[in-house]
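# Inside the fold
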Amino acid sequence: MRNFHKATIGIITAGLLVAGLAACSSTASTDTSTGTKASAAPAAQKPLASIPSLTGVDTAVLLDANFAAALKSLGLTAGTVGTATLVDGSLHFPITGGNVDYYDPAKKLRPYVQGTIKHEGSGFSLTAGATKVELTNFTIDPGKSLLYGDVSVNGTSAATQVDLFNLYGGTLKPLQMDGNNAILEGTTVHISADAADLLDKTFKTDAVKSQLLVGIAKITVIAK
């Protein structure tokens, strides 16, 4: 098994892991329509492959034109925080850590991709007048199809690692390789109900709707 792991964490297995990360769809650990919890990993079932320590590169979100228009209509100005960058209409958040286990999807264990992708020290801000909201330190949970993060208002913490965005992989493109990097693009990013409610209350509006499309994600990880 050890040799199998070493051989596959190059292109094929790393690609499968990233595919599961970026798809973030039917493997959710809880069925939100029924509230049914996913099965826990049996002690005897070992992952087919693991990436115990993720290092780089980043998660980028190409902002949707309607999202940008919605911000403008609300008088909100978007900006970057920390190590995040805005390049050609895409927000980039460097991957700073995390881990992923990939289990055999033919067996009963769900979700078959488990772990986290961390983006500490980066995020983006929304500003209107004297009010500035910062969303930072994102953590992607592929098993739950959620992106968590910290929220501050005018420099004061408002929430820590709360559900900010929902991820849907229905438009996911096939895996691409660029040297040692595995790239998955096409997962759509939507504002969660909790985040929409928080933003509406903070900016005194009702225009930020749950599941508003923010953009399309592109996750790039080092696969060697």
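Please read these numbers as outputs of a predicted model, since none were measured by experiment. (Residues numbered from 1 in each chain as written. Predicted model: local features only at pLDDT ≥ 70, side-chain atom pairs only at ≥ 80, totals over all residues. Heavy atoms only, no water.)

## Side note on the overall build of the protein chain
Going by this rule: In this text, helices come from DSSP runs of H or I with a minimum length of four residues, and strands from runs of E with a minimum of two, each type numbered from the N-terminal end. Residue exposure (1.4 Å probe, protein chains only): buried if accessible area is under 20% of the type maximum, exposed if over 50%, otherwise partly exposed. Two residues form a contact once any of their heavy atoms are found within 4.5 Å. Areas reported here follow the Shrake-Rupley algorithm with a probe of radius 1.4 Å; residue values treat only the protein chains shown as occluding.
The helix and strand tally for the protein chain stands at four helices and 15 strands. Burial analysis of the protein chain (224 residues in total) assigns 44% to the buried set. Taking the contacts inside the protein chain whose residues are at least 6 apart along the sequence as the reference set, 62% of them involve residues at least 24 apart. For the protein chain, the computed accessible surface area is about 11,100 Å², with 56% contributed by carbon and sulfur atoms.

## As for the pairing of strand 8 (residues 97–102)
As a reminder, the rule being used: If DSSP finds at least two bridges between two strands, the strands pair.
Bridge analysis of strand 3 (residues 49–51) against strand 8 gives three bridges, and the strand direction is antiparallel. Paired with Ser50 across the two strands is Asp101, which belongs to strand 8. As defined by bridge partners, strand 8 adjoins strand 9 (residues 113–128) across six bridges and the pair is classed as antiparallel. By the bridge assignment, Gly97 is partnered in strand 9 with Lys118.

## Examining the pattern of salt bridges
Put simply, the rule is: The salt bridge definition used is simple: a Lys or Arg side-chain nitrogen within 4 Å of an Asp or Glu carboxyl oxygen.
In total, this model carries two salt bridges according to the counting rule given. In this structure, Asp197 and Lys201 form a salt bridge, with 3.3 Å as the shortest nitrogen-oxygen distance. Of this pair, Asp197 and Lys201 both sit in helix 4 (residues 193–203), four residues apart, roughly one helical turn.

## Let's talk about the nonpolar core
We apply this condition: Take the buried residues of types Ala, Val, Leu, Ile, Met, Phe, Trp, Tyr and Cys, join any two whose side-chain atoms come within 4.5 Å, and each joined set is a nonpolar core.
Phe124, Leu135, Phe138, Phe165 and Ile191 are the most contacted members of the largest nonpolar core, which totals 39 residues. Non-local contacts of Leu135, meaning those with residues more than four positions away in its chain, are made with Ser122, Gly123, Phe124, Asp150, Val151, Leu164 and Phe165.

## Focus on the side chain of Ser122
Within the element layout of this structure, Ser122 appears in strand 9. Look at Ser122 and you get buried, because its relative accessible area is 0%. If we skip the residues at most four places from it in the chain, Ser122 touches Val81, Thr83, Ala84, Phe93, Pro94, Leu135, Thr136 and Asn137.

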